[in-house]
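Residue-level structural notes
So the chains spell out like this:
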Amino acid sequence: MSDPGETPSDRSPARFAVVGRVNKGKSSVLATLVEEADNQRLRIGPTPGETTRCQTIPLTLNGETLVEFIDTPGFNQARQALAWLRAHHREEEGRARLEAVRQFVATFRDTEEFVDECRLLQPILDGAGIVYVVDASKPYRTDFVAEMEILRWTGRPRMAVMNFLSGDTSHAQEWREHLGEFFNLTRDFNAHTARFRERIRLLRHLLEIEDRHRGSIEKTIQLLESGWNRRREDAADIVINLLQRALTEKACKNASHEDTRRSHRRQQVEAKLQEEYRTQIRMLEGGQHARLSQLYRHPKAEMTHESGDAVLEGDDLFAEETWQVLGLAPMQLAVAATLAGGAAGAGVDLATGGATHGLGTVIGAAGGFIGALWKGRALAEIKIDHPLLGGGLNPGGVKLCAGPPKNPNFPWVLLDRALYHFEHLVTRAHGRRDRFVIDFADLTKAGEGSRQGYASRIGADERKVFGRWFDALSRGRAEAIGDREVFSALVQVLGRIETGELRVRSSGPLEEDC
């Protein structure tokens, strides 16, 4: 499909001109392919003709540019341009149609006529392959024939991409039949919903029309896939760091005996300290979520707890509605605590050389079950420590500490919120330009008291791993649990969220069982 006489350097990047009619999603397709989430390089908007000049968008990986896409203006006068080409093409003289296209660009390049047509055709004449984008959510019209015919005259490798701006696919078959007459390949690609695997699939299709740069395209795909896997691992590290710090975080304050002796003053001090603790956790969570957003190139993602007329009271992490729908159901929490308690008891058995004959495991499991079932029904109560020195009061006052919450559901709620944030990031196409809001109230609104988060849906083995780790963190014995096991379990969960195998937003209410 390439000109046999052309022998490009193996080191030169593969180049593709993204062409089509004005406002049919060319820039959106390109933004999704290269993960461009803002308008700094690619102008995307409701106003027709946002792209007025050709702009090269390199896909640079590990410092090497292997593929370049050229964002082009849309066709504006295709029928008139085709009429000129037909009038000036002398087929009887054996001239290739490509020569007529070259003559057309040379004739009008420095004039006020056919400005957009000349600009979009130039990179194609320079050797770029063609990616032709149409909005296939709208009916096919015969006035598209002119621009498709002009592209066929160039003789360049051509792939048609059917974008679906409104989501309507009822016209797809008609479009596919007509596009097949003019293009080597026709593929679907919704720039507003495409996930990573769909992006990779589209890049693989380029190999079917452009084999001169097979090495560059294949290497690009390989680097993108390995980079995506590394991102998933980096995301797991961020979530683990959030949970590790949240389960050990405290807000402490030195208070006088006068402040602690009188009930009303003590309550004021404790209330202020609790609010400081909540602020610390809120900032910690927000900071780690921001790192996730940067990792997936969505720096403008916003977190909110407001959805229409549903506004959570207070801080949404510590709001009653949050704890009713996120985290584990009471029985799930009790089972997780039983496994964690049993693991702790097993440590006692090992420490005594088996002298307890397994009694430590039994007692630990029973204690974990009862404790979690009781505490799991409470909300985000925050404990206040009043440490004493030498069995009595410190003459200089006491040190009060708030946090972490006694409720064993606390880490599960944090995990749910992090996974929900992650899901939005990996399913959000970069070609969209509407406001990106990650709204936790959507879960509480849909939940109606049932568990709506991921923690209730992950496998029992994964819950066991996380539960043991949470328990060890709360006891200050995290070193007893291998971080690698927790990391591996979390990476698997993130992978299933990416593929849609594990999801919550379109799932029905979950039965609150174990």
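Our structure's up above, just so we're on the same page.
Reference entry: report on the structure contained in this document. All of these numbers come straight from a predicted model, not from anything done at the bench.

Check the secondary structure of the protein chain and you find 17 helices and 13 strands. For the protein chain, contacts bridging at least 24 residues in sequence account for 77% of all contacts bridging at least 6. Surface summary for the protein chain: the accessible area is close to 23900 Å², and the carbon and sulfur share equals 48%.

For helix 1 (residues 26-34), the buried fraction is high: nine of the nine residues fall into the buried class. Listing the buried residues of helix 1 in full gives Lys26, Ser27, Ser28, Val29, Leu30, Ala31, Thr32, Leu33 and Val34. Each element contacted by the buried residues of helix 1 is listed here: strand 1 (14-20), strand 2 (55-61), strand 3 (64-71), strand 4 (129-135), strand 5 (158-163) and helix 7 (196-209).

Sheet architecture is open: six strands sit in the order 2-3-1-4-5-6, paired in mixed fashion. Unpaired on one side and paired on the other, strand 2 and strand 6 (185-188) mark the two borders of the sheet. Adjacent strand axes in the sheet meet at a mean angle of 25 degrees when their direction is disregarded. By the bridge criterion, seven bridges tie strand 2 to strand 3 in an arrangement that is antiparallel.

Below, the discussion takes up the state of the cysteines. Taken as a whole and assessed by the stated rule, the structure comprises one disulfide. The side chain of Cys252 participates in a disulfide bridge whose partner is Cys401; the two sulfur atoms lie 2.1 Å from each other. On the sign convention where negative is left-handed, the bridge of Cys252 and Cys401, at about 110 degrees about the S-S bond, is right-handed. With a gap of 149 residues between them, Cys252 in strand 7 (residues 251-255) and Cys401 in strand 12 (residues 398-405) connect regions that are remote in the sequence.

For the rest of this paragraph, the subject is the pattern of salt bridges. If you walk through the whole model with that rule in mind, you get 24 salt bridges. Two residues, Arg21 and Asp143, come together in a salt bridge whose shortest N-O distance is 3.5 Å. Of this pair, Arg21 sits in the loop between strand 1 and helix 1 while Asp143 is found in the loop between strand 4 and helix 5 (145-154), placing the two residues 122 residues apart along the sequence. Asp143 gets classed as partly exposed once you look at its relative accessible area, which sits at 25%. The salt bridge involving Arg199 is made with Glu35; its shortest N-O contact spans 3.5 Å.

Our focus in this paragraph is the packing of helix 10 (residues 263-295) against helix 14 (residues 410-427). Running from amino to carboxyl end, helix 10 crosses helix 14 at an angle of 30 degrees, the nearest separation of the two axes being 10 Å. By the angle between their directions, the pair helix 10 and helix 14 is classed as roughly parallel. Crossing geometry of helix 10 relative to helix 14 is assigned as right-handed. Every residue of helix 14 that contacts helix 10 at Tyr277, Ile281, Glu285, His289, Leu292 and Ser293 is listed here: Phe410, Leu414, Arg417, Ala418, His421 and Leu425. Taken together, the residues that form the contact of helix 10 with helix 14 break down as seven nonpolar, three polar and two charged.

All right, on to the packing of helix 2 (residues 78-88) against helix 3 (residues 97-108) then. The N-to-C vectors of helix 2 and helix 3 enclose an angle of 115 degrees; their axes lie 10 Å apart at closest approach. The handedness of the crossing between helix 2 and helix 3 is right-handed. On helix 3, the residues that touch Ala81, Trp84, Leu85 and His88 of helix 2 are Ala100, Val101, Gln103, Phe104, Thr107 and Phe108. Looking at the contact of helix 2 with helix 3 residue by residue, the classes come out as seven nonpolar, three polar and no charged.

What describes a pair of aromatic rings is the distance from one ring centre to the other and the angle between the planes of the rings. Within this structure, the stated rule accounts for 16 aromatic pairs. A ring pair is formed by Tyr140 and Trp175, whose centres lie 5.1 Å apart and whose planes are at 90 degrees; its orientation type is edge-to-face. Of this pair, Tyr140 sits in the loop between strand 4 and helix 5 while Trp175 sits in helix 6 (residues 172-179); the two residues are 35 residues apart in sequence, bridging distant segments of the chain. Owing to a relative accessible area of 0%, Trp175 belongs among the buried residues under this scheme. Here the aromatic residues Trp84, Phe104, Phe108 and Phe114 are joined through ring pairs into a cluster of three or more.

This brings us to the nonpolar core. Formed by 96 residues in total, the largest nonpolar core has its most connected members in Phe69, Trp412 and Phe466. Dropping the residues within four chain positions of it, Trp412 is found in contact with Gly327, Leu328, Leu333, Ala336, Ala455, Ile458, Arg463, Phe466, Gly467 and Phe470. In this structure, Ala81, Leu121, Ile124 and Ile150 belong to the second largest nonpolar core, which totals 41 residues.

The element helix 4 (residues 115-125) is largely enclosed, with a buried count of eight among its eleven residues. For helix 4, every residue scored as buried is listed here: Asp116, Glu117, Cys118, Leu120, Leu121, Pro123, Ile124 and Leu125. Structurally, helix 4 contributes buried residues whose contacts are with strand 1, strand 3, helix 2, helix 3, strand 4 and helix 5. Positive backbone phi, at 115 degrees, marks Gly127, one or two positions downstream of helix 4.

Turning our attention to the side chain of Glu498. Inspection of the secondary structure assignment puts Glu498 in helix 17 (residues 483-499). For Glu498, a relative accessible area of 12% gives the class buried. Here Trp228 takes part through its side chain, which lies 3.0 Å from a polar atom of the side chain of Glu498. Not counting residues within four places of it along the chain, the set of residues in contact with Glu498 comprises Arg195, Trp228, Arg232, Tyr296, Phe422 and Val426.

For the rest of this paragraph, the subject is the pairing of strand 6. The sheet contact formed by strand 5 and strand 6 spans four bridges and is parallel. The residue bridging Met162 from the neighbouring strand is Asp188, located in strand 6. Between the parallel elements strand 5 and strand 6, the chain passes through helix 6 in a crossover that is right-handed.

Cut-offs used in this document
- The residue count restarts for each chain, going from 1 along the sequence in the order it is written.
- Where totals are concerned, whole chains, interfaces and linings use all residues; where local detail is concerned, this predicted model gives features only for residues with pLDDT of at least 70, and gives and counts side-chain atom pairs only at 80 or more.
- No hydrogens and no water enter the side-chain calculation; it runs on all heavy atoms of the structure.
- A run of H or I in DSSP becomes a helix once it reaches four residues, and a run of E becomes a strand once it reaches two; helices and strands are each numbered from the N terminus.
- A contact between two residues is defined here by any heavy atoms of the two lying within 4.5 Å.
- Surface accessibility in these figures is a Shrake-Rupley result with a 1.4 Å probe; residues are shielded only by whichever protein chains are displayed.
- Think of it in three bands: residues with accessible area under 20% of the maximum for their type are buried, residues over 50% are exposed, and the middle band is partly exposed, with areas taken using a 1.4 Å probe on protein chains only.
- By this definition, two strands are paired if DSSP reports at least two bridges between them.
- Here an axis means a line fitted to C-alpha atoms, over the contact stretch when the element is a helix, while the angle between two N-to-C directions is reported on a 0 to 180 degree scale.
- In plain terms, two cysteine sulfur atoms within 2.5 Å form what is called a disulfide here.
- What counts as a salt bridge is simple: a side-chain nitrogen of Lys or Arg found within 4 Å of a carboxyl oxygen of Asp or Glu.
- With respect to orientation, any angle under 35 degrees is reported as roughly parallel, any angle over 145 as roughly antiparallel, any angle of 65 to 115 as roughly perpendicular, and every other angle as oblique.
- Left-handed describes a crossing whose near helix is turned anticlockwise from the far helix through less than a right angle; right-handed describes the clockwise counterpart.
- Lys, Arg, Asp and Glu make up the charged group, whereas Ala, Val, Leu, Ile, Met, Phe, Trp, Tyr, Cys and Pro make up the nonpolar group; the residues left over, Gly among them, are polar.
- A pair of aromatic rings is counted whenever rings of Phe, Tyr or Trp (Trp by its six-membered ring) have centres within 6.5 Å, and the orientation is called stacked for planes under 30 degrees apart, edge-to-face for over 60 and tilted otherwise.
- Working definition of a nonpolar core: buried Ala, Val, Leu, Ile, Met, Phe, Trp, Tyr and Cys residues. They are joined through side-chain atoms within 4.5 Å.
- Under the rule applied, a polar contact is a pair of N or O atoms within 3.5 Å (in protein, one hydrogen donor and one hydrogen acceptor; residues adjacent in sequence only if both atoms are side-chain atoms).
- Handedness rule for crossovers: strands pointing away from the viewer, path from the first strand over the helix to the second running clockwise, crossover right-handed.

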